[in-house]
Amino acid sequence: MTSTKKRIAAALTATILSATLATPTMATETPAIRVSSYKGSTLEVGERSGIIIGPRSTDYTVTSSDPDTIAVEQVLTFWVAIAKAEGIAEITASNSAGEHGSVTLTVGSATPAMLETTASVDSANLTDNLEIRQELIRLINQTRKANGVPELPVNEALMNAAQTCSNRRYTWHHAPEEGQAAADAGYPYGFGDNLTIFTGTADAAQRAVDNWINSPGHFQTMIDPRCDCIGVGMTQYNGITYCYMFVGIPNSVNFYA
């Protein structure tokens, strides 16, 4: 009897093991292509927003599910979403390998108060040089990846803060003003920042990154593993380029806010 019980137990164990091995493992799929909008998921009629696609490549086709609501166009090597009318549209990026990713954008009506606001020197032109700034982010993330740290997603608040500071055409760091710019833009934590100024406007993104790579302190800020997001600003005035990089550091404090 004991022997029979052992054989039955062994058979049941084998059956359970087979069933366990045959059960498919449920895994969370990560999109092969990451798609996001520089200005976030909500736009106003008439707004334009850069489409950020990763990993970086020129081999992408970008389409809109409703071009009458949000159209897309290619500007140099970048894609831009143009809000045409109120509604919702899905922006999809695909490559020749059949991989794809998408982002859903909502378009609302333009806010009259925003349209009537007279821009100050600090807040004007926050979307200036967008294509060059996107290239700058690509080069920074390329440098980070080459040095074993994660690429950084764009943070709109840091983009605006960095552009605000570059618009002021600082030639050295102004820590209190930079901290206040980040807080005013809505970034709640501490951050690291780089500044570079040079004569000329050609190849500005590459020149800025080269300057930071060749400066040990700036290079360490650029590849800081604590950072989780990025924003950059670039102003070109009278043949001079002013360039800022802000990298967010969560769980830290902005002492100048």
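Described in the following lines is the structure provided in the data block. Predicted model, so just to flag it, every value in this text is computed and none were measured.

## A short note on the overall build of the chain
Piece 1. Scanning the chain from terminus to terminus reveals seven helices and 11 strands.
Piece 2. Classification of the 257 residues of the chain by burial places 40% in the buried group.
Piece 3. Across the chain, every contact between residues at least 6 apart in sequence was considered, and the portion connecting residues at least 24 apart equals 66%.
Piece 4. By element, 55% of the accessible surface of the chain is carried by carbon and sulfur atoms, the whole surface being about 14000 Å².

## Examining the packing of aromatic side chains
Geometry of an aromatic ring pair is reported as the spacing of the ring centres plus the angle between the planes.
Piece 1. Tallied over the full model, the rule gives three aromatic pairs.
Piece 2. Plain terms: the ring middles of Tyr 244 and Phe 246 are 5.7 Å apart, the flat faces sit at 70 degrees to each other, and that makes the pair edge-to-face.
Piece 3. By the ring-pair criterion, three or more aromatic residues cluster together here, those being Phe 191, Tyr 244 and Phe 246.
Piece 4. Lying over the aromatic face of Tyr 237, Arg 169 brings its terminal NZ or CZ to 3.8 Å of the ring centre.

## Quick notes on the side chain of Asn 194
Piece 1. Mapped onto the secondary structure, Asn 194 falls in strand β9 (residues 190-199).
Piece 2. At 2.9 Å, the side chain of Asn 194 forms a polar contact with the backbone oxygen of His 218.
Piece 3. Residues in contact with Asn 194, not counting those within four places in the same chain, are His 173, Trp 212, His 218, Thr 221, Met 222, Cys 243, Tyr 244 and Met 245.

## Structural notes on the nonpolar core
Piece 1. Counting residues in hydrophobic clusters, the biggest one holds 25 residues, and the most contacted among them are Leu 136, Ile 140, Trp 212, Met 222, Ile 230, Val 232 and Met 245.
Piece 2. Listing elements by their share of this core, those giving two or more residues are α3 (130-146), α6 (204-213), α7 (216-222), β10 (229-237) and β11 (240-249).
Piece 3. With residues up to four places along the chain from it excluded, the contact list for Trp 212 reads Leu 136, Ile 140, Asn 194, Leu 195, Thr 196, His 218, Phe 219, Met 222, Cys 243, Tyr 244 and Met 245.
Piece 4. One finds Trp 79, Ile 91, Ala 93 and Val 103 within the second-largest nonpolar core, a separate group that totals 17 residues.

## Details of the pairing of strand β3 (residues 48-54)
Piece 1. The element β3 is largely enclosed, with a buried count of five among its seven residues.
Piece 2. Pairing analysis gives four bridges linking strand β1 (residues 34-37) to β3, with the strands arranged antiparallel. Residue pairing for β3: Arg 34 is matched across the bridge by Gly 54.
Piece 3. In this sheet, strand β6 (residues 78-83) lies alongside β3 in antiparallel orientation, the contact comprising four bridges. Bridging from a neighbouring strand, Ser 49 pairs with Ala 81 of β6.

## Focus: the sheet that holds strand β2 (residues 42-44)
Piece 1. Spatially, the four strands line up as an open sheet ordered β2-β8-β7-β4, and their pairing is mixed. Edge positions in the sheet fall to β2 and β4 (61-64), since each of these pairs with one other strand and no more. Put simply, the sheet's adjacent strands are angled 30 degrees from each other on average, direction ignored.
Piece 2. Two strands pair when backbone bridges link them, and β4 and strand β7 (residues 87-94) are joined in this way by four bridges, in the antiparallel orientation. Following the sheet pairing, Ser 64 is matched in β7 by Ile 91.

## Digging into a nonpolar patch on the surface
Piece 1. Together, Val 253, Phe 255 and Tyr 256 make up a nonpolar patch on the protein surface, roughly 390 Å² of accessible area in all.
Piece 2. Positionally, Tyr 256 belongs in the segment after β11.

## A closer look at the packing of helix α4 (residues 156-167) against helix α5 (residues 175-185)
Relative placement of two packed helices is described by the angle separating their axes and the distance separating the axes.
Piece 1. Where α4 meets α5, the axes come as close as 8 Å, and the angle between the chain directions of the two elements is 140 degrees. Here α4 is positioned oblique relative to α5, judged by the angle of their axes. At the point where α4 passes α5, the crossing takes the right-handed sense. Note on element contacts: α5 touches α4 through Glu 178, Ala 181, Ala 182 and Ala 185, opposite Ala 157, Asn 160, Ala 161, Thr 164 and Cys 165.
Piece 2. Across the contact of α4 with α5, the residue classes break down as six nonpolar, two polar and one charged.

Analysis parameters
Residues numbered from 1 in each chain as written. Predicted model: local features only at pLDDT ≥ 70, side-chain atom pairs only at ≥ 80, totals over all residues. Heavy atoms only, no water. Helix = DSSP H or I, 4+ residues; strand = E, 2+ residues; numbered from the N terminus. Buried < 20%, exposed > 50% of the residue type's maximum accessible area, 1.4 Å probe, protein only. Contact = heavy atoms within 4.5 Å. Areas by Shrake-Rupley, 256 points an atom, 1.4 Å probe, with all protein chains shown as cover. Phe/Tyr/Trp six-rings, centres within 6.5 Å; stacked < 30°, edge-to-face > 60°. Lys NZ or Arg CZ within 6 Å of the ring centre and 35° of its normal. Polar contact = N/O pair within 3.5 Å; in protein donor to acceptor, adjacent residues only side chain to side chain. Core = buried A, V, L, I, M, F, W, Y, C linked by side-chain atoms within 4.5 Å. Pairing = 2+ DSSP bridges. Axes fitted to C-alpha atoms, helices over the stretch in contact; angles between N-to-C directions. Patch = residues over 30% accessible without salt bridge, like charges linked within 9 Å, V, L, I, M, F, W, Y side chains within 5 Å. Salt bridge = Lys/Arg side-chain N within 4 Å of Asp/Glu carboxyl O. Parallel < 35°, antiparallel > 145°, perpendicular 65-115°, else oblique. Left-handed = near helix turned anticlockwise from the far one by under 90°. Nonpolar A, V, L, I, M, F, W, Y, C, P; charged D, E, K, R; others polar.

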